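Geometric and topological summary
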Amino acid sequence: MMVWTERGSNIFSLRRLLAMILSLAAVAAMSSGGGSSLNSSSPFDPFDSSTSWSLGEDPSNSSSLTPDLQPATTAVAFPEVNPWDVALCVTGTLISCENALVIAVLFYTPTLRAPMFVLIGSLAAADLLAGLGLILNFVFTYLVDASVEFVTLLSVALLISAFSASILNILAITVDRYLSLYNALTYHTERTVTFTYVMVVLIWALCLTLGLLPALGWNCLRDESACSICRPVTKVNAVALAVAFLLVFALMMQLYLQICRIAFRHAQQIAVQHQFIAMSTTKGVSTLSAILCAFGACWLPFAMYSIVADSSYPAIYTYATVLPATCCSVINPIVYAFRNPDIQKSLWMACCGCFPSNLSLRPRTSSDV
């Protein structure tokens, strides 16, 4: 019995000795920690369950103990997004949706094959490409390396071709309206259909040529001082395009003036009551005036600014004039397509299988549209 008692006392003494040694070691560790809090656990505490060591790991390696303090060397820097570019991208998306709807209606409606609808379809195709060009320009700017010359030239070629085709198709629609009144008896002939297709082909050939000019060397990629407000178009080319637009706008004004005169003369010849002249003809003139004013308000600021400004001017002025110009492609489907009763009827049939009883089914003349 005494043997077990002596052994127990020895074991108890060893335990006390071991506890004293561990206490002294803990006090020494805390005193060497540089004033660390008593409530904080030491990274070297073997009893801390949050600390785990692999077999080949060196605890003295500070980088492995504090990984969150290491500098991030793999972070990807994204360019700051310009709100103006976002606005142009949103506008391009709206343009694409509107004109894709117009093209779908014209394509799936066999009765819409008259020269007027051919020109409306060509205008919608031009505006659709313009909208896609705005979206691609945003993608090329922020998601693709824009310093590549091919990317820059492709973007500017698409935008120049599309917007030039849009303007010239509007001019072609104006010419078609004028001819429908001036040659009312011979307008619905095979010759008119052929003339319309030839006019559309010439428009697209000319616009594609204008778009390819920067790719053929007419650019300012080698001489930044020669750039216009829209890089890489040169200042000379920008002025030439702006002057050409002013000539187109002047021609449209002259044609719409002639349309109004013919409409008044026809109304006076066929009118029986003065009220008919006041309501019908005046409504047509006001509609044509609104169309012309909207077109001028969208494009004239950009055209005039292209003539007087160059690449040294602040970019915000360029954005402030480009955005209204792109909005013209938003207005075009509403003015030239969705107001047409035949297209409205096709839209109602495609959406709900019927059309409202108050929808006007009479064919509109050029003075009405």
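Attention in this report is confined to the structure presented alongside it. (Residues numbered from 1 in each chain as written. Predicted model: local features only at pLDDT ≥ 70, side-chain atom pairs only at ≥ 80, totals over all residues. Heavy atoms only, no water.)

A look at the overall build of the protein
The condition that has to hold: Elements are defined by DSSP. Helices are runs of H or I of four residues or more, strands are runs of E of two residues or more, and each kind is numbered from the N terminus. Buried residues are those whose accessible area, probed at 1.4 Å on protein chains only, stays under 20% of the maximum for their type, while exposed residues exceed 50% and partly exposed ones sit between those limits. Note on areas: Shrake-Rupley with a 1.4 Å probe; residue coverage comes only from the protein chains shown.
A count of helices and strands for the protein gives ten helices and zero strands. When the helices and strands of the protein are read in sequence order from the N terminus, they spell out α-α-α-α-α-α-α-α-α-α. For the protein, buried positions account for 37% of its 369 residues. In the form shown here, the protein has an accessible surface area of approximately 22400 Å², with 69% of it arising from carbon and sulfur atoms.

What about the packing of aromatic side chains?
Quick reminder of the rule: Each pair of aromatic rings taken from Phe, Tyr and Trp, with Trp reduced to its six-membered ring, is defined by centres within 6.5 Å and is described as stacked if the planes are under 30 degrees apart, edge-to-face if over 60, and tilted in the remaining cases.
What the rule picks out here adds up to eleven aromatic pairs. Relative to Y313, the ring of Y305 lies with its centre 6.1 Å away and its plane at 85 degrees, an arrangement referred to as edge-to-face. Assessed through its relative accessible area of 11%, Y305 is described here as buried. For Y313, a relative accessible area of 37% gives the class partly exposed. Three or more aromatic residues joined by ring pairs make a cluster, and in this case those are F163, F245, F249, F295, W299 and F302.

Considerations on the pattern of salt bridges
Stated formally: Between Lys or Arg on one side and Asp or Glu on the other, a salt bridge is scored when a side-chain nitrogen of the former is within 4 Å of a carboxyl oxygen of the latter.
For the structure on display, the rule yields one salt bridge. Across the pair R231 and E224 runs a salt bridge whose closest N-O atoms are separated by 3.1 Å.

Concerning helix α9 (residues 315-338)
Test applied: A helix's residues, less one, multiplied by 1.5 Å, set its expected span. Bending is quantified residue by residue as the angle between axes fitted to the seven-residue window ending at that residue and the seven-residue window starting at it.
Taking 1.5 Å of rise per residue, the 24 residues of α9 would be expected to cover 34 Å, and the 35 Å separating its terminal C-alpha atoms lies within 8% of that figure. Considering bend angle alone, the principal kink of α9 is centred on I331 and spans about 35 degrees; proline P333 follows within four residues of it.

A short note on the nonpolar core
Stated formally: Working definition of a nonpolar core: buried Ala, Val, Leu, Ile, Met, Phe, Trp, Tyr and Cys residues. They are joined through side-chain atoms within 4.5 Å. Should any heavy atoms of two residues lie within 4.5 Å, those residues are considered in contact.
Membership of the largest hydrophobic core comes to 64 residues, with the highest contact counts inside it found for I120, M252, Y256, F295, W299, Y336 and I343. Elements represented by at least two residues in this core include exactly α3 (83-107), α4 (115-142), α5 (149-182), α6 (190-212), α7 (235-270), α8 (274-308), α9 and α10 (341-352). Per element, the largest residue contribution to this core is twelve residues, and it comes from α5. Setting aside residues no more than four positions away along its own chain, Y336 makes contact with I120, L123, I170, I173, R177, Y256 and I291.

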